[in-house]
Amino acid sequence: MEKTFVMLKPCTVERGLMGEIINRFEKKGLRLVGMKMKWLTDEILTEHYAHLSDKPFFKRIKDAMMVCPVVLCCWEGKEAVQVVRNLAGTTNGRQAAPGTIRGDYSMSIQENIIHASDSLETAAIEINRFFDPSEIYEYKFNNLLSLYANDECLD
């Protein structure tokens, strides 16, 4: 099973949508294996958004991400990275399809509810950035055979 990283952004926390968003991942059949709330610092945001450091909106994004704490999640499931990306919808909430998280809850390209890892490699980096290994849990998930065919849940 793959693990992926999701961050519920300050706009989600401030709007009281945390439970609603988490519920969507649970209803899909993903398993929550790590979760915590954290107030992000300029240092960790500079690292996390390093790929945007040359953009004119870099400071604005970092400032917006420090308005209040975020909720950090590690989700697990078959093809979890792509499943989460599909549930999230496109980055710009105005263009995201109805039925996606951003399509249903966002009108912004920045205040777009969640950050979701874009690849297995990025997921591993982001999980390690925000979680200590002891904060990621392995536990029996009794409903695997009601979510997957028996040959799909062997890995």
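As a starting point, this report considers the structure included with it.

**A closer look at the side chain of Ser106**
Within the element layout of this structure, Ser106 appears in the loop between α6 (101-105) and β4 (114-116). On the basis of relative accessibility, which here comes to 4%, the residue Ser106 falls in the buried class. Among the polar contacts listed, one links the side chain of Ser106 to the backbone oxygen of Ser108, at a separation of 3.1 Å. Setting aside anything within four residues of it in sequence, one finds Ser106 in contact with Gly93, Arg94, Ile101, Glu111, Asn112 and Ile113.

**Thoughts on unusual backbone geometry**
Phi is positive for Glu79, close to 50 degrees, though the residue is something other than glycine. Among the secondary structure elements, Glu79 is positioned in the loop between β3 (70-77) and α5 (80-88).

**A closer look at the sheet that holds β4**
The strand order β2-β3-β1-β4 describes an open sheet built from 4 strands, whose pairing is antiparallel. What marks the edges here is a single partner per strand, and that holds for β2 (31-38) and β4. In this sheet, adjacent strand axes meet at a mean angle of 20 degrees when their direction is disregarded. Here 7 bridges tie strand β1 (residues 2-8) to β3, and the two strands are oriented antiparallel to one another. In the sheet register, Val6 faces β3, and the bridge partner there is Cys73.

Calculation rules
Residues numbered from 1 in each chain as written. Predicted model: local features only at pLDDT ≥ 70, side-chain atom pairs only at ≥ 80, totals over all residues. Heavy atoms only, no water. Helix = DSSP H or I, 4+ residues; strand = E, 2+ residues; numbered from the N terminus. Buried < 20%, exposed > 50% of the residue type's maximum accessible area, 1.4 Å probe, protein only. Polar contact = N/O pair within 3.5 Å; in protein donor to acceptor, adjacent residues only side chain to side chain. Contact = heavy atoms within 4.5 Å. Pairing = 2+ DSSP bridges. Axes fitted to C-alpha atoms, helices over the stretch in contact; angles between N-to-C directions.

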